[in-house]
Amino acid sequence: MGICVNLSVGDFVYDTKSSDIGILLRREISDTTRRDSDLKIYVWCIYWTLSHFTRYTENSVIKMVESGHLVLHKNI
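Everything in this summary refers to the structure shown in the same document. Since the model is a prediction, treat every value here as computed from it, not as a measurement. (Residues numbered from 1 in each chain as written. Predicted model: local features only at pLDDT ≥ 70, side-chain atom pairs only at ≥ 80, totals over all residues. Heavy atoms only, no water.)

1. Some words on the nonpolar core
Then comes step 1: Ranked by size, the top nonpolar core spans 11 residues in total: V5, L7, V13, L24, W44, I46, W48, V61, M64, V65 and L70.
Then comes step 2: Excluding its chain neighbours within four sequence positions, the residues that come into contact with M64 are Y56, H69 and L70. (Core = buried A, V, L, I, M, F, W, Y, C linked by side-chain atoms within 4.5 Å. Buried < 20%, exposed > 50% of the residue type's maximum accessible area, 1.4 Å probe, protein only. Contact = heavy atoms within 4.5 Å.)

2. Notes on a nonpolar patch on the surface
Then comes step 1: On the surface, F12, Y14, I21 and V71 cluster together into a nonpolar patch covering about 300 Å² of accessible area.
Then comes step 2: Residue placement: F12 occurs in strand 1 (residues 12-15). (Patch = residues over 30% accessible without salt bridge, like charges linked within 9 Å, V, L, I, M, F, W, Y side chains within 5 Å. Areas by Shrake-Rupley, 256 points an atom, 1.4 Å probe, with all protein chains shown as cover. Salt bridge = Lys/Arg side-chain N within 4 Å of Asp/Glu carboxyl O. Helix = DSSP H or I, 4+ residues; strand = E, 2+ residues; numbered from the N terminus.)

3. Here we look at the environment of H73
Then comes step 1: The topology assignment puts H73 in strand 5 (residues 70-73).
Then comes step 2: H73 sits in the partly exposed class, given a relative accessible area of 43%.
Then comes step 3: In this structure the C-alpha to C-alpha distance between H73 and G10, which are 63 residues apart in sequence, comes to 9.4 Å.
Then comes step 4: In this structure H73 touches D11, F12 and Y14, once residues within four positions along its chain are discounted.

Below, the structure written as structure tokens:
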């Protein structure tokens, strides 16, 4: 059973492989979803301090936190 990961705008993530720090800026519904489909893919826009602005699916961010690739720091 995995850990419960609750992502929020303003949370920070630390990348254990690159030592980069990112901030979760916003959550969006992907533009690639079809309008006639009920399938929705949520993506997080993350700004990385060492690299640049990127987008990740919500599921991939959660999986990276669960696996230890990213360390989540909640913005309380």
